Amino acid sequence: MRMARGLALAGALLALAPGCGDGADGGSLTVYSGREQEIVEPLFERFQEATGIEIEVRYGESAELAATIAEEGGNSPADVFFAQDAGTLGFLAAEGRLTRLPQALLDRVQRPYRDPGGRWVGTSGRARVVAYNTEELSEADLPDSILDFADPRWKGKIGLPPTNASFQAFVTAMRLTLGEGRTREWLDAIKRNEPKFYEKNLPVVEAIAAGEVEVGFVNHYYLYLL
Ligand SMILES: [Fe+2]
């Protein structure tokens, strides 16, 4: 099995919640982290060593933490929100809970990967890819555009995780790029192709390896978890 063609970039992102008083002045920062402890704790430790600023971290699901920040409003103890996906940042930006990051920090991130309003930056990226069974298909068999999986030739051969946040972010990117109408047409066509649904990305790549489906719409790194 291999993967082909990056389609979109999402990221793990960082933002500041306003109305949270002392922050660095008080020698401590409170971080709400939707990213897993195992992955980001070493970063927080290095930050503490380098700056002497204590970090308090609350870990949870990104959506749940974003809802908490919105609910806490001006009383939120959160200084920094470290989210796993862009949707939760859009939500908090719309709620007016984010403040502008310092320009020096914004300048370190390329424009496509930061908020035009300067309220968040991307800290890492993932590519959306089509993984495929190399015993059934060669790269030449794959269409050049994700849109072409609407073709009936792909009936019963596609695997995807409809409730997964990354899949939903991918559909959101499509809505923003192509518009609601074309995105709905594509989704309807994919549905007519009777895709097999899986809970998450990993079961999709496992299903490709097991020969259940020929292609899958996933994040690139799940191939390495097989
Ligand atoms: Fe993931």
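Chemist: Explain the overall build of the protein chain residue by residue, including any values.
Modeler: Of the regular secondary structure elements, the protein chain holds 7 helices and 9 strands. Summed over its atoms, the accessible surface of the protein chain is roughly 12300 Å², and 49% of this surface lies on carbon and sulfur atoms.

Chemist: How would you sum up the coordination of the iron ion? Please name residues and give values.
Modeler: Within the protein, the atoms that donate to the iron ion are Tyr221 (OH) and Tyr222 (OH), at distances of 2.0 to 2.1 Å. On the basis of relative accessibility, which here comes to 29%, the residue tyrosine 221 falls in the partly exposed class.

Chemist: Describe the environment of leucine 105, with residues and values.
Modeler: Mapped onto the elements, leucine 105 comes out in helix α4 (residues 103-106). A C-alpha to C-alpha distance of 9.8 Å links leucine 105 and tryptophan 120, two positions 15 residues apart in sequence.

Chemist: Any details on the pattern of salt bridges? Residues and values, ideally.
Modeler: As enumerated under the stated definition, the model contains 4 salt bridges in all. Between glutamate 72 and arginine 58 there is a salt bridge, and its shortest N-O distance comes to 3.9 Å. Here glutamate 72, found in helix α2 (residues 62-72), pairs with arginine 58, found in strand β4 (residues 54-59); they are 14 residues apart in sequence, far enough to count as distant. Lysine 155 is the partner of glutamate 194 in a salt bridge, and the nearest nitrogen-oxygen pair spans 3.9 Å. Within this pair, whereas glutamate 194 is found in the loop between α6 (180-192) and β8 (196-197), its partner lysine 155 is found in the loop between β6 (120-132) and β7 (158-160), the two being separated by 39 residues in sequence.

Chemist: Residue-level account of helix α3 (residues 86-94), with values.
Modeler: Those residues of α3 that fall on the buried side of the exposure criterion are Thr88, Leu89, Leu92 and Ala93. Angular distribution of buried residues about the axis of α3 spans 140°; they occupy a single face of the element. Positive backbone phi, approximately 75°, marks glycine 96, located one or two places after α3.

Chemist: Lay out the packing of aromatic side chains in plain terms, naming residues and giving numbers.
Modeler: Counted according to the given criterion, the structure contains 7 aromatic pairs. Taking 5.3 Å as the distance between ring centres and 65° as the angle between the ring planes, the aromatic pair formed by phenylalanine 149 and phenylalanine 217 counts as edge-to-face. On the criterion of sequence distance, the pair formed by phenylalanine 149 in the loop between β6 and β7 and phenylalanine 217 in strand β9 (residues 215-219) is long-range, its members being 68 residues apart. Here phenylalanine 217 falls in the buried class, since its relative accessible area comes to 2%.

Chemist: An account of a negative patch on the surface is requested, with residue identities and associated values reported.
Modeler: Side chains of Glu36, Glu38, Glu61 and Glu64 sit close together on the surface and give a patch of like negative charge. Relative to the assigned elements, glutamate 64 resides in helix α2.

Chemist: For the environment of proline 152, give the residues involved together with the corresponding values.
Modeler: You can see proline 152 is positioned in the loop between β6 and β7. Residue proline 152 is classed as exposed on the basis of its relative accessible area of 60%. On a C-alpha basis, the gap between proline 152 and isoleucine 190 in space is 8.7 Å, while along the polypeptide they are 38 residues apart.

Chemist: Report on the pairing of β4, specifying residues and quantitative values.
Modeler: Direction of pairing for strand β3 (residues 28-33) relative to β4: parallel, over a ladder of 6 bridges. In the strand pairing of β4, serine 33 is matched with tyrosine 59. Taking the sense of rotation as the criterion, the β-α-β connection linking β3, helix α1 (residues 37-51) and β4 turns out right-handed.

Chemist: Go over the layout of surface pockets, please, and point to the residues and values.
Modeler: Taken as a whole, the second largest pocket holds about 810 Å³ of empty space. Of all elements in the fold, only β2 (9-16), α2, α3, β6, α5 (165-178) and α7 (201-209) reach the threshold of two or more residues within the lining of the second largest pocket. The residue makeup of the lining of the second largest pocket, split by class, is 9 nonpolar, 14 polar and 6 charged. Residue assignment places the lining of the second largest pocket across two domains, with domain 1 (2-8 + 127-225) and domain 2 (10-125) each supplying three or more.

Chemist: Any chance you could break down the packing of α2 against α3 for me, citing the residues and the numbers?
Modeler: One way to put it is that α2 packs onto α3 with a least axis distance of 9 Å and a crossing angle of 10°. Between α2 and α3, the interaxial angle falls into the category roughly parallel. Contacts from Ser62, Ala63, Ala66, Ala67, Ile69 and Ala70 of α2 reach α3 at Thr88, Phe91 and Leu92. Split by residue class, the contact of α2 with α3 holds 7 nonpolar, 2 polar and no charged.

Rules used in this analysis
- Residues numbered from 1 in each chain as written.
- Predicted model: local features only at pLDDT ≥ 70, side-chain atom pairs only at ≥ 80, totals over all residues.
- Heavy atoms only, no water.
- Helix = DSSP H or I, 4+ residues; strand = E, 2+ residues; numbered from the N terminus.
- Areas by Shrake-Rupley, 256 points an atom, 1.4 Å probe, with all protein chains shown as cover.
- Donors = N, O, S within 2.8 Å, 3.2 Å for Na, K, Ca; no water.
- Buried < 20%, exposed > 50% of the residue type's maximum accessible area, 1.4 Å probe, protein only.
- Salt bridge = Lys/Arg side-chain N within 4 Å of Asp/Glu carboxyl O.
- Arc of directions from axis to C-beta.
- Phe/Tyr/Trp six-rings, centres within 6.5 Å; stacked < 30°, edge-to-face > 60°.
- Patch = residues over 30% accessible without salt bridge, like charges linked within 9 Å, V, L, I, M, F, W, Y side chains within 5 Å.
- Lys, Arg positive; Asp, Glu negative; His and termini not counted.
- Charge placed at Lys NZ, Arg CZ, Asp CG, Glu CD.
- Pairing = 2+ DSSP bridges.
- Right-handed = clockwise from strand over helix to strand, strands pointing away.
- 1 Å grid on protein atoms, 1.4 Å probe; cavity = no way out; pocket = protein on both sides within 12 Å on 5 of 7 lines; lining within 4 Å.
- Points joined across faces, edges and corners; volume = space filled by probe spheres on them.
- Nonpolar A, V, L, I, M, F, W, Y, C, P; charged D, E, K, R; others polar.
- Domains from an automatic or database assignment.
- Axes fitted to C-alpha atoms, helices over the stretch in contact; angles between N-to-C directions.
- Parallel < 35°, antiparallel > 145°, perpendicular 65-115°, else oblique.
- Contact = heavy atoms within 4.5 Å.

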